[in-house]
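Report on the structure
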Amino acid sequence: MVKATTILPFFLFLVSLYLIIIENIVHSFEEKKVFNVQMWQRKQQLGTRSCILPVSRQEKGAVILEMKDRGHCSKNKIDWNRRLRKQIILDDLRVLSMQNRIRKVVSSHILEASETQVPLTSGINLQTLNYIVNIGLSSKNMTVIVDTGSDLTWVQCEPCMSCYNQQGPIFKPSTSSSYQSILCNSTTCQSLQSVTGNTGTCGGSNSSTCNYVVNYGDGSYTNGELGLEHLTFGGISVSSFVFGCGRNNKGLFGGVSGLMGLGRSYLSMISQTSATFGGVFSYCLPEGGASGSLVMGNESSVFKNVTPIAYTNMVPNPQLSNFYILNLTGIDVGGVALQTLSFGNGGILIDSGTVISRLAPSVYKALKAEFLKQFSGFPSAPGFSLLDTCFNLTGHEEVSIPTITMYFEGNAKLNVDVTGILYMVKEDASQVCLALASLSDESEIGIVGNFQQRNQRVIYDTKQSKVGFAGEPCNFI
C-alpha cells in the first residue's frame, strides 16, 4: 500500500511532463511568417517615380503589357494615413452595396441566360479601391479598374454632362471612325437587366440610341449610351466590343477612365473576348508599388508561379450566375484547422474589387480567437471601421505572424501572402489590424477580397467553370 502511494506522485509528475512536452511540440508546429514592418513603411516613403508610358512585349505566344503603379507617379506627397483609412471605409460601402445587390437578385429571382498579359497595379494610388490596367479603345489608351464583381465595361466619354476628374484624356467617340452606337431596339439593349440591374432605355438627343444606367449602391453610378468599338490588348484587336460610353458619372473611381467588367454575363470582357482568349483569364495582384499582370487566355507558360496550380469547381447558382462562387471547406491559422460547423452558406465569392475578405460571423470568431492565441504579447490598439482586431507594433522592425490558408473543394488552397494578413491603418505602425472582417449576419455570402489574393496567380476558366490558385511573386520582369 505504501509502495502504491509513493509511485502515484511520480506517475502524475511523468504525465504532467508529457503534457508539457506535447504542448511545446504542438506550439513548435505552428506555422508563422515574418512581417517586416519597417520595410512596409519605407515603401510608402519612396519618392516620385518616372511616369514613362507602359511598354509591351510578346512572349511564348502571349502579348504582355507592362503595368505601373500610377499613384507613385504623383508629384504630390501622399498622405498614407488618410489614404489607408479611407480605403477601408470605402471598401465597407462596396460590400454593403454588393450584399444589397445579391439580396435584390435572390429575392426577385432574376435569371439570365490566343493570350494577352496586361499590366496590373494597385488602384489605391488613383484613389480607387482596386487594381488598374491600360487597354485601348480605338487608338486611345484607357486606364480602367479591374473588377470581377461587375460585368459592363465603361469609360467616360465626351461630351460629358457630368464627369469626375480623370487623369488623361476622356474618350471622344466623334473622333473615332470605328465607333458605332447600339440601337435601343437591339437584343443587346433589351437584355441589359441581367447585366446592370436596369433595363436599357431610349432617350436623349438621339432616341434610337440605347441608354444604360449602372448604380453601384453606395452613391456611385455611371450612365450614358452603349457603343461598339475596337478593343486592343497590346497588339491584339477585338472588333465590335460592346461598352458603356459614360456621359454622367460620379463616385469612387477617382482618376481612372472607367471600369473593366470581368464578371460572367454575356456582356463582360471575358465573354465578349471568348473567341480570342477561350473564356480564360488570370491575374497576379501585386502589393502597393509593385507590378503584377492580367493574362487574357489559357497560357500557363507565361506564369511565374512557384507552386503547382490547383483547381476548384465554381459553385453553380442560377440566381447569382454573374459572380464567381467557390466552395470554402476549411481555414488554417498557423497550421491549426478551425473547428466550425460551416464555412459558407451557398459558397463564397472571389472578387478582385473588394479589398478585405469577409467571413461568416461564426467563422471569423473562430479565426480571430486562434490568431490572438498565436499572436500574443503585443499591445492592443483600437479597432478601425470593419477591422476590430488591431495591435500597436510601434518600434518593431519585424514580427512573426501566424499563416492563414483557405481550403476549397478539390484540394485547392489559397496560402495568404504575408502582405495580406495585416493591414497598416497608420503609417507609424501604431494601429496594425488583422486584415479580415466579419459579415453582419450568417445568411450573407462571404467574399475573398484582393488583399488576401496578393502574390497569387488566380486563374478563372469560365468554360470549364473552375478557378485555380498558385503562389507567384507578382512582378512584370
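Because the structure is a prediction, the values reported are computed rather than measured.

Quick notes on the rules
- Residue positions are given per chain, counting from 1 as you read along its sequence in written order.
- Per-residue local features are limited, in this predicted model, to residues with pLDDT of at least 70; the limit for side-chain atom pairs, both in listing and counting, is 80 or more; totals at the level of whole chains, interfaces and linings are taken over all residues.
- Only hydrogens and water are removed before side-chain values are computed, so all heavy atoms of the structure are retained for them.
- For helices the rule is a DSSP run of H or I covering at least 4 residues; for strands it is a run of E covering at least 2, with both sets numbered from the N terminus onward.
- The buried label applies to any residue whose accessible area, calculated with a 1.4 Å probe on protein chains only, is under 20% of its type's maximum; exposed applies above 50%, and partly exposed to all values in between.
- Using a 1.4 Å probe, accessible areas were evaluated by the Shrake-Rupley method; residue-level cover was limited to the displayed protein chains.
- Pairing of aromatic side chains here covers Phe, Tyr and the six-membered ring of Trp, requires ring centres within 6.5 Å, and sorts the geometry by plane angle: under 30 degrees stacked, over 60 edge-to-face, intermediate tilted.
- Consider the ring centre and the ring normal. A charge sits over the ring if Lys NZ or Arg CZ is within 6 Å of that centre and within 35 degrees of that normal.
- Salt bridges are defined as contacts in which a side-chain nitrogen from Lys or Arg sits within 4 Å of a carboxyl oxygen from Asp or Glu.
- For the purposes of this analysis, a disulfide is any pair of cysteine sulfur atoms at a distance within 2.5 Å.
- Under the convention used throughout, the expected extent of a helix is 1.5 Å for every residue step, that is, one less than its residue count.
- Taken from the helix axis, the directions to the C-beta atoms give the arc we talk about.
- Here the term patch refers to residues with relative accessible area over 30% and no salt bridge, with like charges joined within 9 Å and nonpolar side chains (Val, Leu, Ile, Met, Phe, Trp, Tyr) within 5 Å.
- UniProt positions are given in the numbering used here, feature names are shortened, and annotations may be inferred rather than shown by experiment.
- Note on contacts: a residue pair qualifies if any of its non-hydrogen atoms lie within 4.5 Å across the two residues.
- Distance and chemistry together define a polar contact, namely a pair of N or O atoms within 3.5 Å, with one atom able to donate a hydrogen and the other to accept it when in protein, and with adjacent residues in sequence counting only for side-chain atoms on both sides.
- Pairing between strands is defined by DSSP: at least two bridges between them are needed.
- Working convention: axes come from line fits to C-alpha atoms, limited for helices to the stretch in contact. Angles between N-to-C directions cover 0 to 180 degrees.

A closer look at the overall build of the protein chain
Check the secondary structure of the protein chain and you find 8 helices and 32 strands. Each of the 477 residues in the protein chain was classed as buried or not, and the buried ones make up 52%. For the protein chain, the exposed surface amounts to about 20,600 Å²; the carbon and sulfur share of it is 54%.

As for the packing of aromatic side chains
Under the counting rule described, the total for this entry stands at 14 aromatic pairs. A ring pair is formed by Tyr 324 and Tyr 460, whose centres lie 4.7 Å apart and whose planes are at 70°; its orientation type is edge-to-face. Here Tyr 324 is found in the loop between strand 16 (310–313) and strand 17 (325–326), whereas its partner Tyr 460 is found in strand 31 (residues 456–461), with 136 residues between them in sequence. Taken together, the ring pairs connect Phe 281, Tyr 283, Tyr 324 and Tyr 460 into an aromatic cluster. Across from the ring centre of Tyr 311, 4.3 Å away, lies the NZ or CZ of Lys 466, which sits over that ring.

Some words on the pattern of salt bridges
As enumerated under the stated definition, the model contains 3 salt bridges in all. Measuring nitrogen to oxygen at the nearest pair gives 3.7 Å for the salt bridge that ties Lys 368 to Asp 388. Highlighted residues: Lys 368 in helix 8 (residues 361–374) and Asp 388 in the loop between strand 22 (380–381) and strand 23 (390–391), separated in sequence by 20 residues. The exposure class assigned to Lys 368 is partly exposed, which follows from its relative accessible area of 25%. Assessed through its relative accessible area of 40%, Asp 388 is described here as partly exposed.

Examining the state of the cysteines
Cysteine pairs can be covalently joined through their sulfur atoms, and such a bond is termed a disulfide. Enumeration according to the criterion identifies 5 disulfides in this entry. Each sulfur in the disulfide pair Cys 157 and Cys 245 lies 2.0 Å from the other. In this structure the cystine formed by Cys 157 and Cys 245 twists about its S-S bond by roughly -115°; its chirality is therefore left-handed. Placement of Cys 157 in the loop between strand 7 (154–156) and strand 8 (180–181) and of Cys 245 in strand 12 (residues 236–250) is noted, with a sequence separation of 88 residues between them. Between Cys 284 and Cys 474 runs a disulfide, and the two sulfur atoms are separated by 1.9 Å. Classification of the bridge connecting Cys 284 and Cys 474 rests on its S-S torsion, roughly -90°, and on that basis the disulfide is left-handed. Taken as a pair, Cys 284 in strand 14 (residues 280–284) and Cys 474 in the segment after strand 32 (466–471) lie far apart in primary sequence, 190 residues in all. Across the pair, Cys 474 and Cys 284 agree in class, each one buried.

Topic: helix 8
Helix length check: helix 8, at 14 residues, gives a terminal C-alpha distance of 20 Å against a target of 20 Å (1.5 Å per residue), a fit within 8%. When we look at burial in helix 8, the residues that qualify are Val 363, Tyr 364, Leu 367, Glu 370, Phe 371 and Gln 374. On an axial view of helix 8, the arc spanned by its buried residues comes to 135°, and they lie on one face. Projecting away from the buried face of helix 8 at angles above 90 degrees are the exposed residues Lys 365 and Lys 373.

Details of a nonpolar patch on the surface
The grouping of Ile 89, Leu 93 and Leu 96 at the surface amounts to a nonpolar patch, some 250 Å² of accessible area in total. As for its position among the elements, Leu 93 is in helix 3 (residues 80–108).

Observations concerning the UniProt feature "active site" (unreviewed entry) in the protein chain
When the UniProt feature table is mapped to this numbering, "active site" (unreviewed entry) covers Asp 147 and Asp 351. A stretch of 205 residues holds the annotated residues, and the largest C-alpha distance among them is 7.2 Å, short enough that they meet in one place. Mapped onto the secondary structure, Asp 147 falls in strand 6 (residues 140–147). If we ignore the near neighbours within four places in the chain, the residues touching Asp 147 are Arg 94, Leu 259, Met 260, Gly 261, Leu 262, Gly 263, Asp 351, Ser 352 and Gly 353. From its side chain, Asp 147 meets the backbone nitrogen of Gly 149 in a polar contact 2.9 Å long.

A few points about the side chain of Ser 178
Residue position: Ser 178 is located in the loop between strand 7 and strand 8. Within polar-contact distance, the side chain of Ser 178 engages the side chain of Ser 176 at 3.2 Å. A polar contact of 2.3 Å, which involves the side chain of Ser 178, links it to the side chain of Glu 229. Residues contacting Ser 178, with those up to four places away along its chain left out, are Ser 138, Leu 228, Glu 229 and His 230.

Some remarks on the environment of Gly 263
In this structure, Gly 263 sits in the loop between strand 13 (258–261) and helix 6 (269–272). Sequence-wise, Gly 263 and Val 195 are 68 residues apart; in three dimensions their C-alpha atoms are separated by 9.2 Å. Discounting chain neighbours no more than four positions away, the residues touching Gly 263 are Asp 147, Thr 148, Ser 150, Asp 151, Ser 268, Ile 270, Asn 322 and Tyr 324.

Focus on unusual backbone geometry
Omega for the bond connecting Glu 158 with Pro 159 falls within 30 degrees of zero, at 0°, which places this linkage in the cis form. For Pro 159, the position within the fold is in the loop between strand 7 and strand 8. Phi at Asn 411 is positive, roughly 70°, even though this residue is not glycine. Within the secondary structure, Asn 411 is located in the loop between strand 25 (404–408) and strand 26 (412–415). Assessed through its relative accessible area of 75%, Asn 411 is described here as exposed.

With respect to the sheet that holds strand 25
Reading across the sheet, the 4 strands line up as 19-18-25-26 and stay open at both edges, with antiparallel pairing between neighbours. The outermost strands of the open sheet, each flanked by one partner alone, are strand 19 (336–337) and strand 26. Contacts from helix 8 reach strand 18 (328–333) and strand 19 within the one sheet, and its direction differs from that of strand 18 by about 20°.

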